[in-house]
Amino acid sequence: MECDICGNSIAIWATPYRVGERTVCKNCLSKAQEELKQKKANKPPEEKHSPENVTASNSTPTNTPNFNEPKFKTLQSFGSVYSGIGWFIVVVGIVGILVGLGQEQRSDIIIIVGSVILALSGLGFIITGQLVNCFVSIENNTRGMYQLLADQFPSIVE
């Protein structure tokens, strides 16, 4: 491998440096970095969007939807309500366990076992509601990433 600036060979065990599209040796590294800075300074900035697709207020293309607003509000509300019901069931189960422990009759074991089962089923409700909210959040993040890609590479994303 050879240095693109001085032409000296770069040993196999030595680290070649990449500056832009050039491969340079350690001695030419600072010179290559300066040349790259000069090249970038003289290059006019590229426009990401054509002027007809950009609004004056927020500089986002008008043909792309607003990804900041959640799309599945009802599903997210359902997940939150489902989790809330689960927490209520867990609290009722814990209260039932405490009541069962305070009893000195034979039926106290039935109350305790039933309350434990109730509390565990409440945890199932909580987990299901949280999973629904998790999937909605993943979808929102995926749409946000799509928006970033659409802004950076409009020719690829159509």
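Up top is the structure these notes are about.
An account of the accompanying structure is given in this report. None of the values given here were measured: they were computed from a predicted structure. (Residues numbered from 1 in each chain as written. Predicted model: local features only at pLDDT ≥ 70, side-chain atom pairs only at ≥ 80, totals over all residues. Heavy atoms only, no water.)

To continue, consider the overall build of the protein. Scanning the protein from terminus to terminus reveals three helices and two strands. Along the protein, helices and strands appear, N-terminal first, in the series β-β-α-α-α. Counting the 158 residues in the protein, one finds 23% classified as buried. By sequence separation, contacts in the protein at least 24 residues apart represent 47% of the contacts at least 6 residues apart. Element-wise, carbon and sulfur atoms account for 62% of the exposed surface of the protein, whose accessible area totals about 11,900 Å². (Helix = DSSP H or I, 4+ residues; strand = E, 2+ residues; numbered from the N terminus. Buried < 20%, exposed > 50% of the residue type's maximum accessible area, 1.4 Å probe, protein only. Contact = heavy atoms within 4.5 Å. Areas by Shrake-Rupley, 256 points an atom, 1.4 Å probe, with all protein chains shown as cover.)

Among the structural elements, Arg-143 can be located in helix α3 (residues 108-152). A distance of 3.3 Å separates a polar atom in the side chain of Arg-143 from a polar atom in the side chain of Asn-140. (Polar contact = N/O pair within 3.5 Å; in protein donor to acceptor, adjacent residues only side chain to side chain.)

With that settled, the discussion passes to the side chain of Ser-83. Topologically, Ser-83 is positioned in helix α2 (residues 73-102). Contact partners of Ser-83, with chain neighbours within four places excluded, come to Phe-125, Ile-126, Gly-129 and Gln-130.

We now examine the environment of Leu-29. If you trace the backbone, Leu-29 turns up in helix α1 (residues 29-42). Residues Leu-29 and Cys-3 lie 26 residues apart in sequence; the distance between their C-alpha atoms is 9.7 Å. Leave out the neighbours within four places in its chain, and Leu-29 touches Tyr-17, Val-19 and Val-24.

The next thing to look at is the state of the cysteines. Applying the stated criterion to the full structure yields zero disulfides. Considering cysteine sulfurs only, Cys-3 is the nearest to Cys-6, which forms no disulfide, with 3.7 Å between them. Judged by its relative accessible area of 36%, Cys-6 falls in the partly exposed class. (Disulfide = S-S within 2.5 Å.)

Another point: the packing of aromatic side chains. Following the criterion strictly, the structure yields two aromatic pairs and no others. An aromatic cluster of three or more residues is present, and its members are Phe-78, Tyr-82 and Phe-125. (Phe/Tyr/Trp six-rings, centres within 6.5 Å; stacked < 30°, edge-to-face > 60°.)

Let's shift gears to the nonpolar core. As a rule of thumb, soluble globular proteins bury nonpolar side chains together. Of all hydrophobic cores here, the largest spans eight residues; its members are Cys-3, Ile-10, Val-19, Val-24, Cys-25, Cys-28, Leu-29 and Ala-32. Setting aside residues up to four positions removed in sequence, Cys-25 forms contacts with Cys-3, Cys-6, Ile-10 and Tyr-17. (Core = buried A, V, L, I, M, F, W, Y, C linked by side-chain atoms within 4.5 Å.)

All right, on to the pattern of salt bridges then. Evaluation of the coordinates by the stated rule reveals one salt bridge. Of the charged contacts in the structure, one is a salt bridge between Arg-143 and Glu-139, with a shortest N-O distance of 2.9 Å. Of this pair, Arg-143 and Glu-139 both sit in helix α3, four residues apart, roughly one helical turn. Here Arg-143 falls in the buried class, since its relative accessible area comes to 12%. (Salt bridge = Lys/Arg side-chain N within 4 Å of Asp/Glu carboxyl O.)

This next bit is on the environment of Ile-109. Inspection of the secondary structure assignment puts Ile-109 in helix α3. Overall, the relative accessible area of 52% leaves Ile-109 in the exposed class. When the C-alpha positions of Ile-109 and Ile-97 are compared, they lie 9.4 Å apart, and in sequence the two are 12 residues distant.

A surface patch of nonpolar side chains, amounting to about 650 Å² of accessible area, comprises Val-116, Leu-120, Leu-123, Ile-127, Leu-131, Phe-135 and Ile-138. The exposure class of Val-116 is partly exposed, given its relative accessible area of 35%. (Patch = residues over 30% accessible without salt bridge, like charges linked within 9 Å, V, L, I, M, F, W, Y side chains within 5 Å.)

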